[in-house]
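Here is how the chains run, residue by residue.
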Amino acid sequence: MADLPEVVLLDFWVSPFGLRCRVALAEKGVAYEYREQDLLNKSELLLRSNPVHKKIPVLLHGGRAICESLVIVQYIDEAWPDTAPLLPRDDPYARAQARFWIYDCQTRLWKLKGKAQEQAKKDMIEVFTTLESELGDKPYFGGDNFGFVDIALVPFTCRFFAYEKLGGFSIEENCPKIVAWAKLCKERESVAKVLPDPDKVFEFIQFLQSKFGAK
């Protein structure tokens, strides 16, 4: 990997896990080379960099590979510590809490139908309600500062439109604070320039549904 740029991100445009890394890199102002990956025909570089799971995202820094999105975000925070701290530095409990409040939004809404899909919708609203209670009246999950939990969750906001269309419900009606938080996050350049268009995300999820969803 000696001929690679100093920082390279192997990713796929709509992956919420890769988006976490892109937002974190943007927050830190780190210059990097983005390499879009064909997940049906994985590159030799991806397979060599993540030989166990063979998944994106992978961050290459100085030729060394870092895998798993939240591990990458933490690594970015520690490798470039002088700008925009993402995790609390002086409070181990706060750091532990930041890692605890992570929920991966489910894909069951587009994979399932009927009663199973209805249950998936209820579960998703319950997750958002739990997150709302943790957010409280704070602008961000970390308080006044945009940080680790926000970065972990904000990539899923570009899927809200798809969730609502597929599930037949309004996230804002059920969880207005989460929608307000999402709008606030999108005012940040690091988020706005990275998140894909919700309509394109919806089209992609419809494609997945046609291929892998319940018939």
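Residues numbered from 1 in each chain as written. Predicted model: local features only at pLDDT ≥ 70, side-chain atom pairs only at ≥ 80, totals over all residues. Heavy atoms only, no water.

Draft legend 1. Seen up close, the layout of surface pockets. Volume-wise, the largest pocket comes out at about 730 Å³. Residue lining of the largest pocket: 24 residues in total, with Phe12, Leu39, Arg159, Phe204 and Leu208 positioned closest to the centre. Elements represented by at least two residues in the lining of the largest pocket include exactly helix H1 (16-28), helix H5 (108-111) and helix H12 (198-212). Of the residues forming the lining of the largest pocket, the biggest block, 4 residues, is contributed by H12. Along the lines of polarity and charge, the residues of the lining of the largest pocket split into 15 nonpolar, 3 polar and 6 charged. (1 Å grid on protein atoms, 1.4 Å probe; cavity = no way out; pocket = protein on both sides within 12 Å on 5 of 7 lines; lining within 4 Å. Points joined across faces, edges and corners; volume = space filled by probe spheres on them. Helix = DSSP H or I, 4+ residues; strand = E, 2+ residues; numbered from the N terminus. Nonpolar A, V, L, I, M, F, W, Y, C, P; charged D, E, K, R; others polar.)

Draft legend 2. Fine view of the UniProt feature "domain: GST N-terminal" (unreviewed entry) in the protein. Under the UniProt annotation, the feature "domain: GST N-terminal" (unreviewed entry) is placed at residues 5-84. With 38% helix and 21% strand, residues 5-84 has end C-alpha atoms that lie 23 Å from one another. (UniProt positions renumbered as here; feature names shortened; annotations may be inferred.)

Draft legend 3. Here's a closer look at the pairing of strand S4 (residues 64-67). Summarising the sheet, strand S3 (residues 58-61) and S4 pair through 4 bridges and their orientation is antiparallel. From the neighbouring strand, Leu59 faces S4, where its bridge partner is Ile66. (Pairing = 2+ DSSP bridges.)

Draft legend 4. Examining the pattern of salt bridges more closely. This model, assessed by the stated rule, comprises 9 salt bridges. Measuring nitrogen to oxygen at the nearest pair gives 2.9 Å for the salt bridge that ties Lys28 to Asp77. Here Lys28 is found in helix H1, whereas its partner Asp77 is found in helix H3 (residues 69-79), with 49 residues between them in sequence. Residue classification places Asp77 among the buried residues on the basis of a relative accessible area of 2%. A salt bridge links Lys177 to Asp137; its shortest N-O distance comes to 3.3 Å. Linking Lys177 in helix H10 (residues 176-186) with Asp137 in the loop between helix H6 (114-135) and helix H7 (148-153), this pair joins segments that are 40 residues apart in sequence. In this structure Asp137 comes out as exposed when scored by relative accessible area, which is 73%. (Salt bridge = Lys/Arg side-chain N within 4 Å of Asp/Glu carboxyl O. Buried < 20%, exposed > 50% of the residue type's maximum accessible area, 1.4 Å probe, protein only.)

Draft legend 5. Expanded view of the sheet that holds S3. The strand order across the open sheet formed by 4 strands is S2-S1-S3-S4, and the pairing between neighbours is mixed. One side of each edge strand has no neighbouring strand; the edge strands of this open sheet are strand S2 (33-36) and S4. Recorded for the sheet is a direction-independent mean angle of 20° between the axes of neighbouring strands. Sheet strands touched by H1: strand S1 (7-11), S2 and S3. Its angle to S1, the strand with the most contacts, is close to 155°. Contacting S3 and S4, H3 runs over the sheet at an angle of about 125° to S4. (Axes fitted to C-alpha atoms, helices over the stretch in contact; angles between N-to-C directions. Contact = heavy atoms within 4.5 Å.)

Draft legend 6. The arrangement of the packing of H6 against H10 in detail. In the contact formed by H6 and H10, the axes pass within 8 Å of each other and the chain directions differ by 70°. One finds that H6 runs roughly perpendicular with respect to H10. With respect to the hand of their crossing, H6 and H10 are arranged in left-handed fashion. Note on element contacts: H10 touches H6 through Pro176, Lys177, Ile178 and Trp181, opposite Phe128, Leu131, Glu132 and Leu135. Its residues assigned to classes, the contact of H6 with H10 shows 6 nonpolar, no polar and 2 charged. (Parallel < 35°, antiparallel > 145°, perpendicular 65-115°, else oblique. Left-handed = near helix turned anticlockwise from the far one by under 90°.)

Draft legend 7. The arrangement of the environment of Val194 in detail. Along the polypeptide, Val194 turns up in the loop between helix H11 (189-192) and H12. Looking at Val194, the relative accessible area reads 13%, which means it is buried. Remark: the alpha-carbon pair of Val194 and Trp13, spanning 181 residues in sequence, is separated by 9.3 Å. Excluding residues that lie within four positions of it along the chain, Val194 makes contacts with Leu19, Arg22 and Val23.

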